[in-house]
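Read off the chains here:
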Amino acid sequence: MITLTINNKEISVPEGTTVLNAALQNGIEIPHLCYHPKLKIRGTCRICLVEIEGMRKLETACSMVVKDDMVVSTNNEKVEKARSGVLEFLLINHPLNCPVCDQAGDCDLQRYARKYGRDHSRYIEGKRDFPEHDIGGGLVRNMNLCVACTRCIRFARDILGVEEYGSFYRGNDQQIGIYGGGELKNAMQGCMVDVCPVGALTSKDFRFKKRVWFLDQKPSICLKCAKGCNTFVEVDDNKIYRIVPRENLDINDVWMCDIGRRAYLDMDDKEPVTSSMMKSGDKLFDVSLERAIEELAVEIKERQENGSFALIIGTGASIEEMASALLIASDNIGPEQISLTTRIEDITEEKEAGNFLIDEDFSPNTAGAKKLGISDNSKNIESAIESKKITGALFVGCEIFDSALPDTLIKKLKKLKFAAAITDRITPEITKYMDIVVPAPHWSQKSGTYINSQGNAQRIEAAVTITNGVSSSKVFADLAAELNKTSVDYVKFEKEIEKRVAGN
Ligand code: SF4
Ligand code: SF4
Ligand code: FES
């Protein structure tokens, strides 16, 4: 450990720590713009200047490593004057548009200008003026706001390993842009917005939709692939506006990919299932949940006597939902009639575009399903449908007839006499092939456990309340009751699941 003094306070930090980190770890603020804890140190913005006893000039705290008996001042007159001077230079070309800037409330420059800056500008010359520029992909660039910190460049080059973004021209003409023009293509553009300390890079999905101070951050997990990145779902008035990464050093560090960031947009892309539905003719009509469950139970029981039933479980379901489905199925169908759908995708292009997190398994709970003993039984189900043993199917937690199922099985499932789905979104396939549809919560509306490809069991909690008013536990409890089973105590049930997960 190294012992030094910062602002007359003696502190000890591990050898190799920078003055900036030593201060931050001990609750002493030193403003910084180009420094980012996950990026290589560059020392370009100069706003972190501090005075170190025995050194002729002020030094940048982000690049200076601590030494024993070092004496540092971060707040004397000389430092404050220099800091305010650096800010004045940074603001020379920066428009005074905080009230209408999308980054306001989330902007380091705004915070530092208010705390350390002058209260008026001495710059009377005209500011440079670049038009806002759609740089393709998901971002808009505004060079009038850029402080040339190069965080975005270092992220693309050093973290993604993608050479597509750099700095052009010098001095007053300096601009950040794409090599050879064209469009931004990397697969983690949202992280460039995250690392940008000002509003020079903004996300097309989020910009000007909501002031950040209205947003509540709800901890969540991305369910778009088996990586299980930790996230915050940002919500106002029961509506999701943005998904940002939440630090988890074992899984996603502080990053996430753009597929996960856009996961909430499917809420608007597809129509939600707002009530239970039953088919009459070739159309689905709204019915009460009780009626739909009653009919579903009749169909299941009938097949118990005269044939059998397939249960197709998607890994979009939480462990609790899968275990509930297994409980309903246990007396009614055999394990060979229960099949898991996992969606494996070719991720070569994503990897080439720098997506170092993405897992080829686009199903978020394959490991969870395996712990419950659910596996791919599509071959058995196919032959049982062929021999007319299986004449009906219930889909839980999966996209109906998507690429997760083999084509040959899809063809057979489409010809079944009866099919039902417990699902949150309507698709043309559902309207065409399902006889009963029961609403399920969207991923952002439910709580449950998912196990990622590394084996981490992670809880997801509802970020927004259920708009269709039905929880999965109610659906399964009601169905269990209809099938003459005792209804399920979900508190005990979840404890049992936790035990099973821990025991596996
Ligand atoms: S666009 Fe943002 S992150 Fe990139 S150099 Fe400019 S201020 Fe820094
Ligand atoms: S890598 Fe997977 S889990 Fe992580 S954000 Fe992307 S899609 Fe979501
Ligand atoms: S944070 Fe130290 S020079 Fe920018």
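Along each chain, residue indices are assigned from 1 in the same order as the chain's sequence is written. Starting at A for chains and at 1 for ligands, labels are handed out in the order in which the entities are written. Thresholds applied to this predicted model are a pLDDT of at least 70 for local features of residues and 80 or more for the giving and counting of side-chain atom pairs; totals over whole chains, interfaces and linings are not thresholded and use all residues. Heavy atoms from the whole structure form the basis of all side-chain values; hydrogens and water molecules are not counted.

## Focus: the nonpolar core
Then, number 1: Nonpolar cores were defined as sets of buried Ala, Val, Leu, Ile, Met, Phe, Trp, Tyr and Cys residues, with membership established by side-chain atoms within 4.5 Å. Three exposure classes are used, based on accessible area relative to the maximum for each residue type with a 1.4 Å probe and protein chains only: buried under 20%, partly exposed in between, and exposed over 50%. Residues Phe 155, Tyr 165 and Trp 255 are the most contacted members of the largest nonpolar core, which totals 53 residues.
Then, number 2: Looking at this core, the elements with two or more residues in it are helix H2 (77-90), helix H3 (108-116), helix H4 (151-160), strand E9 (175-178) and helix H5 (189-195).
Then, number 3: Note on conventions: DSSP H or I runs of at least 4 residues are helices, E runs of at least 2 residues are strands, and numbering of each starts at the N terminus. It is H4 that provides the largest number of residues to this core, a total of five residues.
Then, number 4: By definition in these notes, contact holds between two residues if any of their heavy atoms fall within 4.5 Å. In contact with Trp 255, other than residues within four places in its own chain, are His 36, Lys 38, Leu 39, Phe 155, Ile 159, Met 188, Cys 191, Val 195, Pro 245, Phe 356 and Leu 357.
Then, number 5: Ala 369, Ala 420, Val 470 and Ala 480 belong to the second largest nonpolar core, which has 39 residues in total.

## Structural notes on the site of ligand 1
Then, number 1: Near ligand 1 there are 13 residues, and of these Cys 146, Cys 149, Thr 150, Cys 152 and Cys 196 occur at the shortest range.
Then, number 2: Gly is put with the polar residues, along with every residue not named as nonpolar or charged; the nonpolar set is Ala, Val, Leu, Ile, Met, Phe, Trp, Tyr, Cys and Pro, and the charged set is Asp, Glu, Lys and Arg. Split by residue class, the shell around ligand 1 holds 11 nonpolar, one polar and one charged. Nearness of a residue to a molecule or strand requires only that one of the residue's heavy atoms be within 4 Å of it.

## Focus on the sheet that holds strand E5 (residues 71-73)
Then, number 1: Spatially, five strands are ordered E2-E1-E5-E3-E4 in an open sheet, and the strand pairing comes out mixed. Both outer strands of the open sheet, strand E2 (9-13) and strand E4 (59-60), are each paired with one neighbouring strand and no more.
Then, number 2: Two strands make a pair as long as DSSP finds a minimum of two bridges between them. Two elements, strand E1 (residues 2-6) and E2, share five bridges in a ladder whose sense is antiparallel. In the strand pairing of E2, Ile 6 is matched with Lys 9.

## So, the side chain of Asn 186
Then, number 1: Position of Asn 186 relative to the elements: it lies in the loop between E9 and H5.
Then, number 2: A distance of 2.8 Å separates a polar atom in the side chain of Asn 186 from the backbone nitrogen of Met 188.
Then, number 3: In contact with Asn 186, other than residues within four places in its own chain, are Leu 160, Val 162, Glu 164, Met 192, Asp 258 and Ala 353. Under this definition, polar contacts are N or O atom pairs within 3.5 Å; protein pairs additionally need one hydrogen-donor-capable and one acceptor-capable atom, and for neighbouring residues in sequence, both atoms have to be side-chain atoms.

## Re the site of ligand 2
Then, number 1: Around ligand 2, the neighbouring residues are Cys 222, Lys 224, Cys 225, Lys 227, Gly 228, Cys 229, Met 256, Cys 257, Gly 260, Leu 357 and Ile 358.
Then, number 2: In the shell around ligand 2, the residues fall into seven nonpolar, two polar and two charged.

## Concerning the layout of surface pockets
Then, number 1: A cavity, in this analysis, means grid points on a 1 Å lattice covering only the protein atoms where a 1.4 Å probe fits yet has no way out; a pocket is instead an open set bounded by protein on both sides within 12 Å along at least five of seven lines, and a residue lines either one if it has an atom within 4 Å of a point. Grid points are joined across faces, edges and corners, and a volume is the space filled by probe spheres set on the points. One number sums up the size of the largest pocket: a volume of about 1100 Å³.
Then, number 2: As for the largest pocket, its lining consists of 47 residues, of which Gly 190, Val 193, Asp 194, Val 244 and Arg 261 are closest to the centre.
Then, number 3: For the lining of the largest pocket, the secondary structure elements donating two or more residues are H5, strand E10 (201-203), strand E12 (230-236), strand E13 (239-245) and helix H6 (258-261).
Then, number 4: The source of the domain bounds is an automatic or database domain assignment. Each of domain 1 (2-90) and domain 2 (98-208) gives at least three residues to the lining of the largest pocket.
Then, number 5: Approximately 920 Å³ is the volume attributed to the second largest pocket.
Then, number 6: Surrounding the second largest pocket, 39 residues form its lining, Asp 266, Gly 316, Cys 398, Glu 399 and Asp 424 being those nearest its centre.
Then, number 7: Secondary-structure elements contributing two or more residues to the lining of the second largest pocket are helix H7 (266-269), strand E19 (418-423) and helix H15 (472-482).
Then, number 8: Of the residues assigned to the lining of the second largest pocket, the class counts are 15 nonpolar, 11 polar and 13 charged.

## Let's talk about the domain arrangement of the chain
Then, number 1: Domain parsing of the chain yields domain 1 (2-90), domain 2 (98-208) and domain 3 (272-503).
Then, number 2: Taken together, the contacts link seven residues of domain 2 with seven residues of domain 3.
Then, number 3: Carbon and sulfur atoms make up 73% of the area that domain 2 and domain 3 hide from each other, which totals about 460 Å².
Then, number 4: Salt bridge, as used here: a side-chain nitrogen of Lys or Arg that lies within 4 Å of a carboxyl oxygen of Asp or Glu. At the junction of domain 2 and domain 3, the tally comes to zero salt bridges.
Then, number 5: Along the contact surface separating domain 2 from domain 3 lie one residue pair in polar contact (both at pLDDT 80 or more).
Then, number 6: Its residues assigned to classes, the side of domain 2 that touches domain 3 comprises five nonpolar, one polar and one charged. What counts as buried area is the accessible surface, traced by a 1.4 Å probe, that two parts surrender upon association, with contributions from both included.

## What about the packing of H2 against H3?
Then, number 1: At a minimum axis distance of 10 Å, the contact between H2 and H3 shows a crossing angle of 135°. It follows that H2 is oblique to H3 by the angle criterion. The interaxial crossing formed by H2 with H3 has left-handed handedness. For the pair H2 and H3, the contacting residues are Arg 83, Ser 84, Leu 87 and Leu 90 in the first and Leu 109, Tyr 112, Ala 113 and Tyr 116 in the second.
Then, number 2: Taken together, the residues of the contact of H2 with H3 break down into six nonpolar, one polar and one charged. Structural elements are reduced to axes, namely lines fitted to C-alpha atoms, with helices fitted over the stretch in contact, and the angle between N-to-C directions of any two is expressed from 0 to 180 degrees. Angles below 35 degrees are treated as roughly parallel, those above 145 as roughly antiparallel, those between 65 and 115 as roughly perpendicular, and all remaining angles as oblique. Helix crossings get a hand from a simple test, with the near helix turned counterclockwise from the far one by less than a right angle marking a left-handed crossing and a clockwise turn marking a right-handed one.

## What about the sheet that holds strand E14 (residues 276-280)?
Then, number 1: The strand order across the open sheet built from seven strands is E15-E14-E20-E19-E18-E16-E17, with neighbouring strands paired in mixed fashion. A strand with exactly one partner marks an edge of an open sheet, and here the two such strands are strand E15 (283-287) and strand E17 (338-341). On average, each strand axis in the sheet is tilted by 20° relative to the strand beside it, whichever way the strands run.
Then, number 2: Relative to E19, strand E18 (residues 390-396) runs parallel, the two being bridged by five bridges. Looking at E19, one finds that Phe 395 is bridged to Ala 421.
Then, number 3: In the packing of helix H9 (residues 319-329) onto the sheet, the strands contacted are strand E16 (308-314) and E17, and the crossing angle to E16 comes to about 175°.

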